[in-house]
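Inside the fold
These are the residues of each chain, in order.
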Amino acid sequence: MGEADGKADTSKLPDFDILWDYEHPGPTEGKFRELLPAAIDSLDISYLAELLTQIARAEAMQRKFQEAQKTLDRVEKALPKADQRVSVRYVLERGRVLSLSGKPREAQPRLREAFNLALMLKMDLHAIDAARMMAVAEPEKALDWNMKALDLAEKSADARANKAKGPLYSSIGWNHFERKEYQEALFMFQKALQHTDQLGDPLKIRTAKWSLAKVLRVIEHTEEALDMQRKLFEEYQGEGKRNGYVYEEIAECLLVLGQEQEAQEWFAAAYAELSKDPRVARDQNRLNRLKDLGQVAKPRPTPA
């Protein structure tokens, strides 16, 4: 941490949190590193240490786990001279690195500590983050942790914490879906859609509609579900985009409705897209099903 152990006027230092682009952690890390010289010159050890926690987070999201741990080692040395909020972010990122590197049990004590410390310091946004991470690290209690996070998000006076409601409605919806509690899932996905409608983000609105339609299919509101998915298909097509998840759901709806021939084409299209998706690559059973129902790579009858 060098000699940055004093306090200077930090009013002109940028708010690095607004620089986050969670879909692109590499460029985000680059932006953070550009701030390091000014952070060091400021002699504000808390600002510098907090910035380093976010560099570590960006590194971990790129699976650069050793680098992330080394960055956090620098933060650890500064903790005795830094504000308490730095301790929250330090412990939270230690837990995140462990969780992302496939060590959820080791992550749990760190994440619990971050959650409790954030609650004590009224750092709602970070308590929510810790609770959401605990939902991943302790999947058998995922619903409980996500509900704790939602309670904080709904009651918080922090506008940034309030914005976490949308993703939490969706996460809780999937928690219920996995437990086959479909009416509860439907309710949460409806709330997620209402929230995303208010924010006006087209991608998030479409994701919320897709989730809602999937539950409608499962509870046998198949025609309504198919209508929603077809509209999503038209929106993506209008922008020249392909979405294998939408294709898959259209195929499943058509299969239920007995339209096997049309379903086959959609299953094939879904396989073509999702077989390239790293989020689906590990689910070989799902891909095999799409491939079989889509009659992919099987000889088709030649017209007479």
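Placed above this text is the structure.
What this report covers is the structure whose coordinates are included nearby. (Residues numbered from 1 in each chain as written. Predicted model: local features only at pLDDT ≥ 70, side-chain atom pairs only at ≥ 80, totals over all residues. Heavy atoms only, no water.)

1. Things to note about the packing of aromatic side chains
As enumerated under the stated definition, the model contains 13 aromatic pairs in all. Seen from their ring centres, Trp20 and Tyr22 are 4.7 Å apart, and the 10° between their planes marks the pair as stacked. Under the relative-accessibility criterion, Trp20 is labelled buried at 11%. Ring centres of Tyr247 and Trp266 lie 5.7 Å apart, and the angle between their planes is 55°; this geometry places the pair in the tilted category. (Phe/Tyr/Trp six-rings, centres within 6.5 Å; stacked < 30°, edge-to-face > 60°. Buried < 20%, exposed > 50% of the residue type's maximum accessible area, 1.4 Å probe, protein only.)

2. Observations regarding the packing of helix α12 (residues 202-218) against helix α14 (residues 244-256)
In contact at an axis separation of 11 Å, α12 and α14 are set at 20° when each is read in the N-to-C sense. With respect to α14, the axis of α12 lies roughly parallel. As α12 packs across α14, the resulting crossing turns out to be left-handed. Together, Trp210, Lys214 and Arg217 of α12 and Tyr245, Val246, Glu249, Glu252 and Cys253 of α14 make up the contact between the two elements. By residue class, the composition of the contact of α12 with α14 is four nonpolar, no polar and four charged. (Axes fitted to C-alpha atoms, helices over the stretch in contact; angles between N-to-C directions. Helix = DSSP H or I, 4+ residues; strand = E, 2+ residues; numbered from the N terminus. Parallel < 35°, antiparallel > 145°, perpendicular 65-115°, else oblique. Left-handed = near helix turned anticlockwise from the far one by under 90°. Contact = heavy atoms within 4.5 Å. Nonpolar A, V, L, I, M, F, W, Y, C, P; charged D, E, K, R; others polar.)

3. So, the nonpolar core
Ranked by internal contacts, the top residues of the largest apolar core, which has 60 residues, are Leu51, Val75, Leu111, Phe115, Ile128 and Leu168. A per-element tally of this core places helix α3 (residues 45-61) first, with ten residues. For Phe115, the residues in contact, after removing those within four places along its chain, are Ala127, Ala130, Ala131, Trp145, Lys148 and Leu152. With 35 residues, the next largest nonpolar core counts Phe177, Tyr247, Ala263 and Trp266 among its residues. (Core = buried A, V, L, I, M, F, W, Y, C linked by side-chain atoms within 4.5 Å.)

4. Quick word on helix α5 (residues 84-100)
Over its 17 residues, α5 extends 25 Å from the first C-alpha to the last, a length consistent with the 24 Å expected when each residue adds 1.5 Å. For α5, the tally of buried residues reaches 14 of 17 residues, placing the bulk of the element in the interior. Residue Gly102 follows α5 closely and has a positive phi angle near 85°. (Expected span 1.5 Å × (residues − 1).)

5. Some details on the pattern of salt bridges
Between side chains of opposite charge, pairing is possible as soon as their charged atoms come close. For the structure on display, the rule yields 29 salt bridges. Ionic pairing is found between Arg160 and Asp158, a salt bridge with its closest N-O pair at 3.9 Å. Take Arg160: its relative accessible area is 42%, and that puts it in the partly exposed class. Here Arg179 and Glu181 are joined by a salt bridge, their closest N and O atoms 3.3 Å apart. A relative accessible area of 48% means that Arg179 is categorised as partly exposed. (Salt bridge = Lys/Arg side-chain N within 4 Å of Asp/Glu carboxyl O.)

6. Quick look at the side chain of Asn146
Mapping Asn146 onto the fold places it in helix α8 (residues 142-155). On the basis of relative accessibility, which here comes to 5%, the residue Asn146 falls in the buried class. Side-chain polar atoms of Asn146 contact the side chain of Asn175, separated by 2.8 Å. Asn146 has contacts with Arg132, Ala135, Leu168, Ser171, Ile172 and Asn175, leaving out every residue within four places of it along the chain. (Polar contact = N/O pair within 3.5 Å; in protein donor to acceptor, adjacent residues only side chain to side chain.)

7. Quick look at the environment of Ala107
Summarising the element assignment, Ala107 is placed in helix α6 (residues 104-120). For the pair Ala107 and Arg94, spaced 13 residues apart in the sequence, the C-alpha separation amounts to 7.5 Å. Once you skip the residues sitting within four places of it in the chain, Ala107 turns out to touch Gly95, Leu98 and Ser99.

8. Quick look at the side chain of Glu252
Along the polypeptide, Glu252 turns up in helix α14. Look at Glu252 and you get buried, because its relative accessible area is 10%. In this structure Glu252 touches Arg217, Phe267 and Arg289, once residues within four positions along its chain are discounted.

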